[in-house]
Amino acid sequence: MTNETPRVDSEVGPLRAVLLHRPGNELTRLTPRNNDKLLFDSIPWVGKAQEEHDAFAGVLRSRGVEVLLLADVLREALADPRAHAAGVRAAVDDLRLGEDLGDALRSHLSGVGATTLAEVLMAGLTFEELPAAEGASLVRKIHHRHDFAVDPLPNLLFTRDSSVWVGDRVAISSLAMPARRRETALLDLVYAYHPRFSHAARAYGAHSAPVEGGDVLLLAPGVLAVGIGERTTAAGAESLARSLFADDIAHTVLAVPIAQARATMHLDTVCTMVAPDAVVMYPLARDELVAFTLRPDGDGSLRVDGPQPFLHAAAEAMDIEKLRVIDTGLDPVTAEREQWDDGNNTLALAPGVVVGYERNVETNARLAEAGIEVLAIAGSELGSGRGGPRCMSCPVVRDPIGNKESLT
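Parameters and conventions
Residues numbered from 1 in each chain as written. Predicted model: local features only at pLDDT ≥ 70, side-chain atom pairs only at ≥ 80, totals over all residues. Heavy atoms only, no water. UniProt positions renumbered as here; feature names shortened; annotations may be inferred. Helix = DSSP H or I, 4+ residues; strand = E, 2+ residues; numbered from the N terminus. Polar contact = N/O pair within 3.5 Å; in protein donor to acceptor, adjacent residues only side chain to side chain. Pairing = 2+ DSSP bridges. Axes fitted to C-alpha atoms, helices over the stretch in contact; angles between N-to-C directions. Buried < 20%, exposed > 50% of the residue type's maximum accessible area, 1.4 Å probe, protein only. Contact = heavy atoms within 4.5 Å. pLDDT = per-residue confidence, 0-100. Parallel < 35°, antiparallel > 145°, perpendicular 65-115°, else oblique. Nonpolar A, V, L, I, M, F, W, Y, C, P; charged D, E, K, R; others polar.

The name given to the protein in an unreviewed UniProt entry is Arginine deiminase, and the organism recorded there is Amycolatopsis endophytica. Quoted verbatim from the Catalytic activity (unreviewed entry) field of the UniProt record, the comment on the protein reads "L-arginine + H2O = L-citrulline + NH4(+)". The record held by UniProt for the protein lists under Pathway (unreviewed entry) the comment "Amino-acid degradation; L-arginine degradation via ADI pathway; carbamoyl phosphate from L-arginine: step 1/2."

In structure tokens:
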């Protein structure tokens, strides 16, 4: 592991280091009975998902990107006794388990090593797997042995949502869905106790109003777009803007309302950047998206302007003449299919170089026609939780856009 200082100022600057999560045992916990609750549309073939993810990580490494795996950095962080104690606290919910059973689990986890604790935090624990305890527990008796005493976190795969770097600071997301809320505790302790990140300042806290990283686009240095919809609230967008302005790491935040629907759960499901002046965008969003422009007013408060068309507001804030748009698909049906299959959810490795799912043939062809190099990866199983390459990656280090050094 290298020690490049974390910093991200854009969506497309040459990517140097990224945080991924290789699918693990948490995906084996999914069943037809619980997959909806755990936010998956189908039951993934875990071995195939791991193969696809390994190939994704391989593409990044082949382009000179350092790949940090969440399971590794979590285990390394948990070697710190303070992180281990925080991990135990994150795992045990007394309100759910009751005092006696909670104490028994707390005692058990306090004595296990970092590897075992990390596995429990990620993959959860069933009542059958709980340690034996003296005395009777109504909670234990009333639950089915395959019910979860500690819920698994299958959505850890989507590392974009739980944290996002803005400049040299990290924003820990406040995740909206109950199935994902414990993810922030894991990222919190990684960033607090892992040697790579322990000196990083925070741009936002997990206990603030809901903001998810999939809704945050770094359009240019100092300019962000924040989607407001199913996962990020208006209060969250405003709170994030105030924090960024107070820390002087942004001068403009565009608040962009999006449909509160599964297909458009985050802004990056309809729009991602592929070059400093270009986005790939779902056609229906092109004319429908608007933005409210938030800027500091100089007296410690906000000035809110708009709404106005998103593309116009973005170009103005980025100080460019026009933001180029590459549409997803050639017709409404194709566009809708490829948007659902994460055609808009690309990860830029450098200006004009992106990773996308191979199944989005029309979108990838349109990107290529526009001069964008597409590194296509398989995603038949990875996409079962509704997320593409951008969703599965949290950039930790990007070079400035002006850096002409190519990735090799």
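Colleague: Quick one: what's the story with the environment of Glu76, residue by residue and with numbers?
Modeller: Structurally, the position occupied by Glu76 is in helix H3 (residues 70-78). When the C-alpha atoms of Glu76 and Tyr193 are compared, they prove to be 8.8 Å apart, with 117 residues separating the residues in sequence. At a separation of 2.6 Å, a polar atom in the side chain of Glu76 contacts the side chain of His194.

Colleague: Can you tell me about the sheet that holds strand E16 (residues 347-350), naming the residues and giving the values?
Modeller: Taken together, the 3 strands give an open sheet; going across it, the order is E16-E17-E18, and neighbouring strands pair in mixed fashion. Two strands lie at the open edges of the sheet, namely E16 and strand E18 (373-377), each paired on one side alone. The mean angle between the axes of side-by-side strands here comes to 30 degrees, regardless of whether they run parallel or antiparallel. Both strand E17 (residues 353-357) and E18 contribute to a ladder of 5 bridges, which runs parallel. Following the sheet pairing, Val353 is matched in E18 by Glu373.

Colleague: Can you explain the pairing of strand E19 (residues 394-398)? Please cite residues and give values.
Modeller: Where burial is concerned, most of E19 is hidden: 5 out of the 5 residues are buried. Two strands pair when backbone bridges link them, and strand E1 (residues 15-20) and E19 are joined in this way by 4 bridges, in the antiparallel orientation. Note that in E19 the partner of Leu19 across the bridge is Cys394.

Colleague: Break down unusual backbone geometry for me, citing the residues and quoting the values.
Modeller: For the bond running from Gly306 to Pro307, omega is 10 degrees, close enough to zero to count as cis. For Asp319, which is not a glycine, the phi torsion comes out positive at approximately 60 degrees. Relative to the elements of secondary structure, Asp319 occurs in the loop between helix H13 (310-318) and strand E15 (324-327).

Colleague: Which residues make up the pairing of strand E13 (residues 290-296), and what values go with them?
Modeller: The pairing of strand E10 (residues 252-257) with E13 spans 3 bridges and is antiparallel. Counted as the bridge partner of Ala255 is Phe292 from E13. Adjacent in sequence and paired antiparallel, E13 and strand E14 (residues 302-309) are bridged by 5 residues, among which Gly298 carries a positive phi angle near 90 degrees.

Colleague: Got a sec to walk through the sheet that holds E15? Specific residues and values, please.
Modeller: One open sheet holds the 3 strands; their spatial order is E11-E12-E15, and the pairing between them is mixed. Lying at the two open borders of the sheet, with one neighbouring strand each, are strand E11 (271-275) and E15. Geometrically, the sheet is characterised by an average inter-axis angle of 30 degrees between neighbouring strands, direction not taken into account. Relative to E15, strand E12 (residues 278-281) runs parallel, the two being bridged by 4 bridges. Looking across to E15, one finds that Met281 is bridged to Asp327. Its contacts with the sheet put helix H15 (residues 361-369) on E11, E12 and E15, and the angle it makes with E15 is roughly 145 degrees.

Colleague: Explain the confidence of the model for the protein residue by residue, including any values.
Modeller: Model confidence for the protein is summarised by a mean pLDDT of 87, while 88% of its residues fall at 70 or above. Summarising per-element confidence for the protein, the mean pLDDT is lowest in helix H14 (residues 332-340) (55) and highest in strand E2 (residues 66-69) (98).

Colleague: Break down the packing of helix H4 (residues 81-91) against helix H10 (residues 183-193) for me, citing the residues and quoting the values.
Modeller: Look at H4 against H10: their axes get within 10 Å of each other, and the N-to-C directions meet at 175 degrees. Relative to H10, H4 is oriented roughly antiparallel. From H4, Arg82, Ala83, Ala86, Gly87 and Ala90 reach across to H10, where they touch Ala185, Leu189 and Tyr193. Residue classes in the contact of H4 with H10 are distributed as 6 nonpolar, 1 polar and 1 charged.

Colleague: Outline the UniProt feature "active site" (unreviewed entry) in the protein, supporting the account with residue identities and numerical values.
Modeller: When the UniProt feature table is mapped to this numbering, "active site" (unreviewed entry) covers Cys391. Its place among the elements puts Cys391 in the loop between E18 and E19. Ignoring sequence-local partners within four residues, the contact set of Cys391 consists of Leu157, Phe158, Thr159, Arg160, Asp268 and Asn345.

Colleague: Got a sec to walk through H4? Specific residues and values, please.
Modeller: Within H4, the full set of buried residues consists of Ala83, His84, Ala86, Gly87, Val88, Ala90 and Ala91. For H4, the elements touching its buried residues are H3, helix H6 (99-110), helix H7 (114-123), strand E4 (148-150) and H10.

Colleague: Residues and numbers for the side chain of Arg16, please.
Modeller: By secondary structure assignment, the location of Arg16 is in strand E1. Judged by its relative accessible area of 11%, Arg16 is buried. A polar side-chain atom of Arg16 sits 2.7 Å from a polar atom in the side chain of Asp399.

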